[in-house]
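What follows is each chain in one-letter form.
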Amino acid sequence: MFTLLLWNTALAATVDGGVQIGLFDAGLEFIEDRYSEEVFTIEPTEVAGENVSCYNRVGIANFNATIPIQSIDLSMGDDHLVINVYFGSIQGSDMVIFGEDEDTFDLCPAFDSWDFNSFRLDNARVLVEVIPELTESGFDVQISGSPSVSGDLTTDIDWVPDTIINNFVEDAIFEQIEQMMLERVPDIASTVLQPSLFAGQVGDIGLGVELTDIHADRKALLVGLDVEAEWLGEGCPISGVAREPIGLSPTIDFDNGDGAGIGIGITELQINRLFFGAWEGGLLCFDEGPLSRFKDVIEEAIEPTVENGEISIVFPHNPVFYLEENQASLSLDNVVLAMNGDVNGTNTELLQLEVNLLLGAELRVEHEISSFVFTLTHVDLSVLDFQSNGVIKNSAAVADNLIQLLEGWAVDTLVNRIEDVPIYGNLFHIADIYMRVTDVAIQDGMVVIMGSLYNSDDPDVDNEAPDTTASIESATNVHINVSWDAEDDNNGPLAYSWRVDQGEWSAWTGEMSGKIPTPSMGLHEIQVRARDDWLNIDESPYTLLFEVTPDPKDDKKGCQCASSGNGWSGLWWMILLSVVGTRRRRE
């Protein structure tokens, strides 16, 4: 593990890009630890040279080597990175030396093969200087000069005709080891800075990464990236007008890192790029389920009754984030809530409400649920237009009720959907490197993060998901009270999420129980899943099967649930419980 610190300081090297990453001297220790004690191999191959001594061709058949890295020392230069590699004992065995000579008139004795039993290279090291550069395909390094391997070589060869052949063998050994190391130097240099590590899919978001800038000096190796997002989940056609992403794009002055290992900053413009791509793909498309409360309010005010009512909410413009010192806000303009339905057999536009939403928010790490939390501090709603059909009675009261519902809906459903966009997360996993974030802060035009780096084989890393259990404790016509728990292989906090009938998962909570709205009459299921503080999610949720039926005593809705029940005779609404079934992850 190595500590990671992200922040904005003053005066020093900078780099352009929506995501700006800085690797400092202290952070190099993470890469040093990552590659120390790794073992590379050269598989059996033929190594040959032309016109060696009096021979037309001399070579080593089945050349092989085992190359253990003892340690790596990394440091910064003026415009380059210095990689100093120390090896353990490098060894090869069971090889053959051969010589070919086509001239029959010289005194050069041809030989088909002589056993090259083994070699051993002790106290070996290689010093490589690399210069990072921007290429069409991304991040690359150019090797400066001609690095060479040094060390103490001993060989066990049955016979060689002269010292020139012996020198060829020794040179071939060093050259093969040098070549193998030079092939791996780019991977070492770009361990946590390779753009491809940050691309891929996170949940329903696809991320594409483009390298924009790179810089190296004695203080830091800096890489700038631009990240584009695409919504890959279920969506809907966008009927609005796209606005180009806007926002501040400051350069982050990392200086020498002030003892930190790696720095990452995400600009306001970059965050709005992410949301632009997700919005275009359907991030803010909602089915009628989450909007049912609006529908009920409108239908209650209509005379005569409406049939086939359809409610919709449209976000015609992409959302825009604004980041200021210690605070963030999200602007959603020209949001339209509308409802159509059949009145007296005619499809009628019943109502349309157009508003601007400005959501004030704070960002923090919620350790109880191991996540960043986007918490609304306030909702400012400005009504731009309200139109209602004459069949709606007391339209002013209906408008007031809809505005209150819309504010509450923004706090619940809308914020949950926005949190699906991975601007940052409590645990990033790139390749087999884990970056666990422990804090987040907002500055003018940027988000700054703190955390730690782990290799995947670090004993602190947990890859095992918890095992969830759940039970129904009680129920009414309004809510079903469900409790849950989980077993896990570590003692960290657990978070829980639930869904009804394969619908959308709820937000994660650290509570051990929750109130779930009682669904309509019929057979239903509630699934509950647990997540540990390493973001391992139980992929086999605990399932509670239950049936909601009318109470035969008073013909009202009740719940027959998958839980052994007590008699709740004191309830105004009689609920009859019986075991219908459960599905467990493990028996």
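In this text, all values refer to a predicted model and were calculated from it rather than measured experimentally.

1. What to know about helix H3 (residues 268-281)
Compared with the 20 Å implied by 1.5 Å per residue over 14 residues, the 20 Å span of H3 between its first and last C-alpha is a close match. For H3, the buried fraction is high: twelve of the 14 residues fall into the buried class. Turning to H3, its buried residues number three or more, namely Glu268, Leu269, Gln270, Ile271, Asn272, Arg273, Leu274, Phe275, Phe276, Gly277, Ala278 and Trp279. Where H3 ends, the next residue or the one after it, Gly282, has phi of about 110°, a positive value.

2. Some words on unusual backbone geometry
Phi at Asn51 is positive, roughly 55°, even though this residue is not glycine. The residue Asn51 is located in strand E3 (residues 39-52) in this model. The phi dihedral of Asn123 is positive, around 55°, even though this residue is not glycine. Residue position: Asn123 is located in strand E7 (residues 111-135).

3. Some remarks on the pairing of strand E16 (residues 327-343)
For E16, the tally of buried residues reaches 13 of 17 residues, placing the bulk of the element in the interior. Looking at chain direction, strand E14 (residues 307-314) and E16 are connected through six bridges and run antiparallel. Within E16, the residue paired with Val314 across the bridge is Val336. Alignment of strand E15 (residues 320-324) against E16, held across five bridges, turns out to be antiparallel.

4. Here we look at the environment of Gly492
Tracing the chain through its elements places Gly492 in the loop between strand E23 (479-487) and strand E24 (495-500). As a C-alpha pair, Gly492 and Asp533 span 41 residues in sequence and 5.9 Å in three-dimensional space.

5. Focus on helix H2 (residues 163-189)
Helix length check: H2 (27 residues) gives 39 Å between terminal C-alpha atoms against 39 Å at 1.5 Å per residue, within 8%. A maximum bend of about 30° is found in H2 at Glu183, where proline Pro186 lies one to four positions downstream.

6. Section: the nonpolar core
Residues Ile67, Ile83, Phe87, Phe116 and Phe119 are the most contacted members of the largest nonpolar core, which totals 65 residues. When neighbours within four sequence positions are excluded, Phe119 is seen to be in contact with Phe63, Asn64, Ala65, Ile90, Gln91, Gly92, Met95, Leu153, Thr154, Thr155 and Ile173. Of all hydrophobic cores here, the second largest spans 46 residues; its members include Ile311, Val343, Leu350 and Ile449.

7. Re the pattern of salt bridges
One pass over the structure, following the stated rule, counts seven salt bridges. Of the charged contacts, one joins Arg57 and Glu46 as a salt bridge, the two residues approaching to 2.5 Å between their closest N and O atoms. Of this pair, Arg57 sits in strand E4 (residues 55-76) while Glu46 sits in strand E3, and the two are eleven residues apart along the sequence. Note on Arg57: relative accessible area 22%, which makes it partly exposed. Beyond isolated ion pairs, a larger network of salt bridges with shared partners links Glu46, Glu50, Arg57 and Glu100.

8. A look at the packing of aromatic side chains
Summed over the entire model, instances satisfying the criterion amount to five aromatic pairs. A centroid spacing of 6.3 Å and a plane angle of 40° characterise the contact between Phe116 and Phe119, whose relative ring orientation is tilted. Relative to Trp279, the ring of Phe276 lies with its centre 6.3 Å away and its plane at 35°, an arrangement referred to as tilted. Taken as a pair, Phe276 and Trp279 lie in helix H3 at a separation of three residues, close to a single helical turn. The buried category is assigned to Phe276, whose relative accessible area is 13%. Ring pairing ties together the aromatic residues Phe63, Phe116 and Phe119, which thus form one cluster. Above the ring of Trp505, the side-chain terminus of Arg529 is found at 4.0 Å from the ring centroid.

9. A few points about the side chain of Glu178
Note that Glu178 resides in helix H2. Despite its burial, Glu178 remains without a salt bridge, the nearest opposite charge being carried by Arg125 at 12 Å. Ignoring sequence-local partners within four residues, the contact set of Glu178 consists of Pro147, Ser148 and Val149.

10. Looking at a negative patch on the surface
Together, Asp94, Asp115, Asp156 and Asp158 give the surface a local cluster of negative charge. Inspection of the secondary structure puts Asp115 in strand E7. According to the relative accessible area criterion, Asp115 is partly exposed, its value standing at 40%.

11. Section: the sheet that holds E23
Read from one edge of the open sheet, three strands run E22-E23-E25, paired in antiparallel fashion. Two strands in the sheet have a free side with no partner beyond their single neighbour: strand E22 (467-475) and strand E25 (513-517). In this sheet, adjacent strand axes meet at a mean angle of 30° when their direction is disregarded. In this structure, E22 lies alongside E23, joined through eight bridges in antiparallel fashion. When the sheet's bridge partners are listed, Thr468 is paired in E23 with Ala486.

12. A few points about the confidence of the model for the protein chain
For the protein chain, the mean per-residue pLDDT works out to 77, and 76% of the residues sit at or above 70. Highest mean pLDDT in the protein chain belongs to E23 (93); lowest belongs to strand E1 (residues 2-5) (37). Contacts of residues 1-12 to residues separated by more than four positions or lying in other chains number 56 contacts, the stretch itself having pLDDT below 50. This model gives residues 562-587 a pLDDT under 50, and the stretch forms 70 contacts once residues within four places in sequence are excluded.

Basis of the calculations
Residues numbered from 1 in each chain as written. Predicted model: local features only at pLDDT ≥ 70, side-chain atom pairs only at ≥ 80, totals over all residues. Heavy atoms only, no water. Helix = DSSP H or I, 4+ residues; strand = E, 2+ residues; numbered from the N terminus. Expected span 1.5 Å × (residues − 1). Buried < 20%, exposed > 50% of the residue type's maximum accessible area, 1.4 Å probe, protein only. Pairing = 2+ DSSP bridges. Bend = angle between axes of the 7 residues up to and from the residue. Core = buried A, V, L, I, M, F, W, Y, C linked by side-chain atoms within 4.5 Å. Contact = heavy atoms within 4.5 Å. Salt bridge = Lys/Arg side-chain N within 4 Å of Asp/Glu carboxyl O. Phe/Tyr/Trp six-rings, centres within 6.5 Å; stacked < 30°, edge-to-face > 60°. Lys NZ or Arg CZ within 6 Å of the ring centre and 35° of its normal. Lys, Arg positive; Asp, Glu negative; His and termini not counted. Patch = residues over 30% accessible without salt bridge, like charges linked within 9 Å, V, L, I, M, F, W, Y side chains within 5 Å. Areas by Shrake-Rupley, 256 points an atom, 1.4 Å probe, with all protein chains shown as cover. Charge placed at Lys NZ, Arg CZ, Asp CG, Glu CD. Axes fitted to C-alpha atoms, helices over the stretch in contact; angles between N-to-C directions. pLDDT = per-residue confidence, 0-100.

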